[in-house]
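# Summary of structural features
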Amino acid sequence: MCIRDSRELGHAELTAVFAHIAEHAELYRALLGPEGSARVIDHLLRRINVAVHVNRVGTAATTHADDPEETPPDPAAALLSGALMGVITDWLRRGCEGTPEELSAAVAEHFEGAVARPA
């Protein structure tokens, strides 16, 4: 896959995440907001971490899908997972201004270097 293809795929994946969040914004706002659930936040963060790790290292998604604790340490995945949760919570707090595509375009380039597969 060429660099352009992987950028387009990354943008499409981020857009899909943001579209899902927008579709269920009230629920996510309640769960992730100031009166939300630390348990849900932890669960989502762990799931995002697995997804980022799988995308970074090319591991089959089924390998770690059932137990995030089985995912090997991946500091870059942890960084990206936390950043993505920050973007999501900020976007929800601000009323989901802009489309999922616009939000994805605004952050995708910042994720590109960190998502690159290790050599």
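Everything here concerns the structure above.
Described below are features of the structure shown in this document. (Residues numbered from 1 in each chain as written. Predicted model: local features only at pLDDT ≥ 70, side-chain atom pairs only at ≥ 80, totals over all residues. Heavy atoms only, no water.)

## Concerning the overall build of the protein chain
Put simply, the rule is: A run of H or I in DSSP counts as a helix once it spans at least four residues, and a run of E counts as a strand once it spans at least two, with each numbered from the N terminus. Partly exposed residues are those whose accessible area sits between 20% and 50% of the maximum for their type, while under 20% is buried and over 50% is exposed, using a 1.4 Å probe and protein chains only. Contact criterion: two residues are considered in contact whenever any of their non-hydrogen atoms come within 4.5 Å of each other. Method for areas: the Shrake-Rupley scheme with a 1.4 Å probe, in which residue coverage is limited to the protein chains shown.
Scanning the protein chain from terminus to terminus reveals 5 helices and 0 strands. Each helix and strand of the protein chain, placed in order from N terminus to C terminus, yields the pattern α-α-α-α-α. Expressed as a percentage of its 119 residues, the buried residues of the protein chain come to 29%. When contacts within the protein chain are restricted to residue pairs at least 6 apart in sequence, those whose partners lie at least 24 apart make up 63%. Of the roughly 7,500 Å² of accessible surface on the protein chain, 58% is carried by carbon and sulfur atoms.

## Quick notes on the pattern of salt bridges
So the rule is basically this: Should a side-chain nitrogen of Lys or Arg be within 4 Å of a carboxyl oxygen of Asp or Glu, the pair is scored as a salt bridge.
In the structure shown here, the tally under the stated rule is 4 salt bridges. A salt bridge links Asp-42 to Arg-46; the shortest N-O distance between them is 2.9 Å. A residue pair is termed a helical-turn pair when its members lie 3 or 4 positions apart in one helix, as Asp-42 and Arg-46 do in helix H3 (residues 38–57) at 4 residues. Taking the relative accessible area as the measure of exposure, Asp-42 reaches 36% and is therefore partly exposed. Put simply, Asp-90, Arg-93 and Arg-94 are held in one network by salt bridges that share partners.

## Some words on the packing of aromatic side chains
We count it as follows: Think of it this way: a Phe, Tyr or Trp ring, Trp meaning its six-membered ring, pairs with another when their centres are within 6.5 Å, and the plane angle makes it stacked under 30 degrees, edge-to-face over 60, tilted otherwise.
Enumeration according to the criterion identifies 1 aromatic pair in this entry. Judged by centre distance (5.8 Å) and plane angle (65°), the rings of Phe-18 and Trp-91 are edge-to-face. Of the two residues, Phe-18 sits in helix H1 (residues 3–23) while Trp-91 sits in helix H4 (residues 75–93), which places them 73 residues apart along the sequence.

## Considerations on the side chain of Asp-74
Among the secondary structure elements, Asp-74 is positioned in the loop between H3 and H4. When neighbours within four sequence positions are excluded, Asp-74 is seen to be in contact with Asn-49, His-53, Arg-56 and Val-57.

## Quick look at helix H2 (residues 25–32)
Rules: Throughout, the arc means the angular range of directions from the helix axis out to the C-beta atoms.
For H2, every residue scored as buried is listed here: Ala-25, Tyr-28 and Leu-32. Within H2, the buried residues cover an arc of 65° as seen down the axis, which keeps them to one side.

Interpretation note: all reported values are geometric properties and have no functional meaning in isolation.
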